[in-house]
Amino acid sequence: MTTAQIALAAALSLVFLPLGLGKIAAAPFMRRAAAHLGMSRGLYRVVGALEVAGAVGLLLGPASAPLGVAAAIGLALLMTAAAVVHLRHGDPPVRALPAAVVALTAAAYAGATVAAG
């Protein structure tokens with residue numbers, strides 16, 4: 001695994017860990033976001049747990065490439081769903097853009113890791 005891949009995994013983890021922990025803790029900002037999207041607190045906490053699990057998987061990726069790839073794919077799918085949810089709730093495309101960018105970044109990490117063998 002290259003230094004760039006390790007840095008990308010760390011950067012993605014730095015995005016997902018605080019957001020996931022905020023959802024699990026039901027921080028006020030996250031409660032408002034869940035309400036805006038019509039999601040229950042319980043479902044939002046599940047999403048947070050998936051984000052934290054994905055971040056941990058990315059951090060373990062240098063030791064276990066298959067785990068890192070699986071985590072990245074899971075996070076890419078989760079963020080693709082997040083972008084769709086924003087658009088379906090009438091948010092402007094710019095509100096879905098961060099989720100789409102992170103999804104593409106996670107997919108790029110997975111692709112680069114698989115290509116590296």
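Preceding block: the structure.
These numbers were taken from a predicted model, which means no experiment stands behind them.

Rules behind the numbers
Residues numbered from 1 in each chain as written. Predicted model: local features only at pLDDT ≥ 70, side-chain atom pairs only at ≥ 80, totals over all residues. Heavy atoms only, no water. Patch = residues over 30% accessible without salt bridge, like charges linked within 9 Å, V, L, I, M, F, W, Y side chains within 5 Å. Areas by Shrake-Rupley, 256 points an atom, 1.4 Å probe, with all protein chains shown as cover. Salt bridge = Lys/Arg side-chain N within 4 Å of Asp/Glu carboxyl O. Helix = DSSP H or I, 4+ residues; strand = E, 2+ residues; numbered from the N terminus. Buried < 20%, exposed > 50% of the residue type's maximum accessible area, 1.4 Å probe, protein only. Expected span 1.5 Å × (residues − 1). Contact = heavy atoms within 4.5 Å. Axes fitted to C-alpha atoms, helices over the stretch in contact; angles between N-to-C directions. Parallel < 35°, antiparallel > 145°, perpendicular 65-115°, else oblique. Left-handed = near helix turned anticlockwise from the far one by under 90°. Nonpolar A, V, L, I, M, F, W, Y, C, P; charged D, E, K, R; others polar. Polar contact = N/O pair within 3.5 Å; in protein donor to acceptor, adjacent residues only side chain to side chain. Core = buried A, V, L, I, M, F, W, Y, C linked by side-chain atoms within 4.5 Å.

Digging into a nonpolar patch on the surface
- Together, L43, V46 and L50 line one region of the surface with nonpolar side chains, adding up to about 260 Å² of accessible area.
- Within the secondary structure, L50 sits in helix α3 (residues 41-60).
- On the basis of relative accessible area, L50 is assigned to the partly exposed category, the value being 47%.

What to know about α3
- In a regular helix each residue adds 1.5 Å, so 20 residues correspond to 28 Å; α3 covers 29 Å between its end C-alpha atoms and thus fits that length.
- Within α3, burial applies to Y44, V47, G48, E51, V52, G54, A55, G57 and L58.
- Where α3 is buried, its residues touch α1 (3-24), α2 (28-36), α4 (65-88) and α5 (93-116).

Structural notes on the packing of α4 against α5
- Taken N-terminus to C-terminus, the directions of α4 and α5 make an angle of 160°; their axes are 8 Å apart at the nearest point. In terms of orientation, α4 and α5 fall into the roughly antiparallel class. Here the hand of the crossing between α4 and α5 comes out left-handed.
- In terms of residue class, the contact of α4 with α5 is built from 20 nonpolar, four polar and one charged.

Things to note about the side chain of D91
- Note on placement: D91 falls in the loop between α4 and α5.
- Looking at D91, its side chain comes within polar contact range of the side chain of H36, at 2.7 Å.
- Among all residues touching D91, those that are not within four sequence positions of it are H36, L37 and H86.

Remarks on the environment of L59
- Summarising the element assignment, L59 is placed in helix α3.
- Once the C-alpha coordinates of L59 and A9 are considered, the two residues, 50 residues apart in sequence, prove to be 6.3 Å apart.
- Dropping the residues within four chain positions of it, L59 is found in contact with A10, S13 and L17.

A word on the nonpolar core
- Of all hydrophobic cores here, the largest spans 26 residues; its most connected members are L12, F16, M39, L58, M79 and Y109.
- In terms of residues, this core owes the most to one element, α4, which gives eight residues.
- Dropping the residues within four chain positions of it, L58 is found in contact with A9, L12, S13, G68, A71, A72, L75 and Y109.

Description of the packing of α1 against α5
- Relative orientation of the contacting elements α1 and α5 amounts to 150°, with a least axis distance of 10 Å. With respect to α5, the element α1 is oriented roughly antiparallel. For the pair α1 and α5, the sense of crossing is left-handed. In this structure, α1 contributes Q5, L8, A9, L12 and F16 to the contact, and α5 contributes V102, T105, A106, Y109, A112, T113 and A116.
- A per-class count over the contact of α1 with α5 returns nine nonpolar, three polar and no charged.

Bear in mind that shape data such as this cannot, by itself, settle questions of function.
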